[in-house]
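What follows is the residue order along each chain.
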Amino acid sequence: MKRLKAAVIGTGFMGRTHLEALRRVEGVDVIAVVGRKLDAAKKLAEGYGVPTALDSVDDLLKLPELDALHICTPNATHYPIAKAAIAAGKNILCEKPVAVSTAEAEELTQLAAKAGVRNCVCHNLRYYPMVQQMRRMREAGELGEILVAQGTYSQDWMLYDTDWNWRVEAEASGPSRVMADIGSHWFDMVEHITGLRVASLSADLAIFYPTRKRPKHSVESFTGKLPSAEDVEDVKVETEDFGAVVFRLGDKARGAMTASQVNAGRKNGLCVEIYGTKASVIWNQERPDELWIGNRNTPNQIIIKDPSLLLPAAGKYADLPGGHSEGYDDTFKQVFRRFYASIADPSAQPEYPQLADGLRQMRILDAEMESAKKRGWVDLA
Ligand SMILES: NC(=O)c1ccc[n+]([C@@H]2O[C@H](COP(=O)([O-])OP(=O)(O)OC[C@H]3O[C@@H](n4cnc5c(N)ncnc54)[C@H](O)[C@@H]3O)[C@@H](O)[C@H]2O)c1
């Protein structure tokens, strides 16, 4: 069987995470790492035994043997890199949010369809086994008709005005920060579980720190280090620290969510609660192997991930037996495995989020920003 050749662009949090997960996908070799700085690319490539390190995407695209590339760079760079890769006929796996505007996401979706390349947007959080269990329970009718979806995505790593990251700057992040960065994961998950689409929404976005202190040298995501006063400069902030959204889901269901990067103590607190006419399910990313099932007339349950006890379609997303925890890293492996299987077999149906799903999240994001600006409800097409 031909082994597929992959490359990773970006040497930060996601660059490393993708590289590690790729090494656990059968039939795939990583042949190149691309960084903005050649030193960083070399260091990462050498550590993982990747033969080539580059500082240019153009040079990467000249490698004829390359099957697919992973775009793990700041949001504003996704569009130009993806567009060049599609033009070169390469399959792309792009981090979320797919772009910084709906127009960019639309164009990429059309270009990929025309070029016939496989395309994936990394909404990996769908692929926790217990999230799949929620989806399969809904498909099997075990929840009844969905009435309510609610929850939060809460983090604390931007709580202080000295906390800084490229995501603060609209030039790198796009016009939204929190809703683009983590709100998009929440809405992708809720639409995936319920099979319903957000039909309209009303959003309130807040910037608690109108200025933040930017380090004079670059910092990587999630390092949590506090810089000294002489090493920082005041910068006006244009991206939100917090968002709250009330929404309608499909024809009937209703929902509400918050997303925040200033909630002390919440590290990666994604919580989704789905309430149906028969039962409800609640899942929290910080305890990923547990699923709470709520019943009206029988005792509530907490079920623990065990592939032999999950619904069969959900069990396929768990590689380890019950009692052996699977987490965040494993969701990437599940996405990548399906992406590369679809490259190996051109007749395979894609079982992963695609550019069209990334575009969908950009439309929700646009509606949130429009709603917050005009302080009113916005309908989605
Ligand atoms: N799916 C997820 O769970 C998840 C989690 C975190 C981040 N992300 C996404 O991944 C992307 C990267 O985020 P991160 O947290 O890894 O950021 P990061 O700051 O840790 O790393 C970004 C890297 O990109 C490099 N870079 C910047 N511009 C570049 C360019 N033009 N060419 C090549 N390299 C360039 C930087 O030097 C840095 O190494 C973002 O789009 C983010 O939204 C997704």
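Procedures and definitions
- Residues numbered from 1 in each chain as written.
- Predicted model: local features only at pLDDT ≥ 70, side-chain atom pairs only at ≥ 80, totals over all residues.
- Heavy atoms only, no water.
- Domains from an automatic or database assignment.
- Contact = heavy atoms within 4.5 Å.
- Buried area = accessible area lost by both parts, 1.4 Å probe.
- Salt bridge = Lys/Arg side-chain N within 4 Å of Asp/Glu carboxyl O.
- Polar contact = N/O pair within 3.5 Å; in protein donor to acceptor, adjacent residues only side chain to side chain.
- Helix = DSSP H or I, 4+ residues; strand = E, 2+ residues; numbered from the N terminus.
- Near = heavy atom within 4 Å.
- Areas by Shrake-Rupley, 256 points an atom, 1.4 Å probe, with all protein chains shown as cover.
- Nonpolar A, V, L, I, M, F, W, Y, C, P; charged D, E, K, R; others polar.
- Axes fitted to C-alpha atoms, helices over the stretch in contact; angles between N-to-C directions.
- Left-handed = near helix turned anticlockwise from the far one by under 90°.
- Pairing = 2+ DSSP bridges.
- Buried < 20%, exposed > 50% of the residue type's maximum accessible area, 1.4 Å probe, protein only.

### Looking at the domain arrangement of the chain
As far as domains go, the chain holds domain 1 (4–124 + 348–354) and domain 2 (128–323 + 360–374). Distance between the C-alpha centres of domain 1 and domain 2: 24 Å. Facing 21 residues of domain 1, the contacting portion of domain 2 comprises 20 residues. The largest share of the area that domain 1 buries against domain 2 comes from Lys 96, Thr 102 and His 123, three residues that together contribute 32% of it. Inspection of the domain 1/domain 2 interface yields 2 salt bridges. Between domain 1 and domain 2 we count 8 residue pairs in polar contact (both at pLDDT 80 or more) in total. Counting only elements with at least two residues in the side of domain 1 that touches domain 2, the list comes to helix H1 (13–22) and helix H5 (102–115). Examining the composition of the side of domain 1 that touches domain 2, we find that 3 residues originate from one element, H5, more than from any other.

### Considering the site of the ligand
Taken together, the neighbourhood of the ligand is formed by 25 residues, with Met 14, Asn 75, Lys 96, Trp 166 and Tyr 328 sitting nearest. Interatomic distance of 3.1 Å between a side-chain N/O atom of Thr 11 and an oxygen atom of the ligand. In the model, a nitrogen atom of the ligand is placed 2.9 Å from a nitrogen or oxygen of the Asn 124 side chain. In the complex, 89% of the free accessible area of the ligand, which totals 850 Å², lies under the protein chains. The set of elements that each furnish at least two residues to the shell around the ligand consists of H1, helix H8 (178–194) and helix H10 (328–344). Looking at the shell around the ligand residue by residue, the class counts come to 10 nonpolar, 9 polar and 6 charged.

### Quick notes on the packing of H8 against helix H11 (residues 355–374)
Relative orientation of the contacting elements H8 and H11 amounts to 120°, with a least axis distance of 10 Å. The hand of the H8/H11 crossing is right-handed. For the pair H8 and H11, contact is made by Met 179, Ala 180, Ser 184, Phe 187, Asp 188 and Glu 191 and by Arg 360, Gln 361, Ile 364, Leu 365 and Glu 368, respectively. For the contact of H8 with H11, the residue count by class is 5 nonpolar, 2 polar and 4 charged.

### So, the sheet that holds strand E4 (residues 68–71)
Across a sheet, paired strands are connected by hydrogen bonds in the backbone, their directions being either parallel or antiparallel. Read from one edge of the open sheet, 6 strands run E3-E2-E1-E4-E5-E6, paired in parallel fashion. A strand with exactly one partner marks an edge of an open sheet, and here the two such strands are strand E3 (52–54) and strand E6 (119–121). Ignoring strand direction, the axes of neighbouring strands in this sheet form an average angle of 20°. In this structure, E4 lies alongside strand E5 (residues 91–94), joined through 4 bridges in parallel fashion. Counterpart to His 70 in the pairing with E5 is Leu 93. Across the sheet, helix H2 (residues 38–47) touches strand E2 (28–34) and E3, and the angle it forms with E3 is around 160°.

### Things to note about helix H6 (residues 129–139)
Burial of H6 is extensive: 9 of the 11 residues sit out of reach of the surface. Listed as buried for H6 are Pro 129, Met 130, Val 131, Gln 132, Gln 133, Met 134, Arg 135, Arg 136 and Met 137. Against the buried residues of H6 lie H8, strand E13 (269–276), strand E14 (279–284), strand E15 (290–295), strand E16 (301–304) and helix H9 (312–315). In the segment just after H6, Gly 141 is the residue with positive phi, at about 85°.

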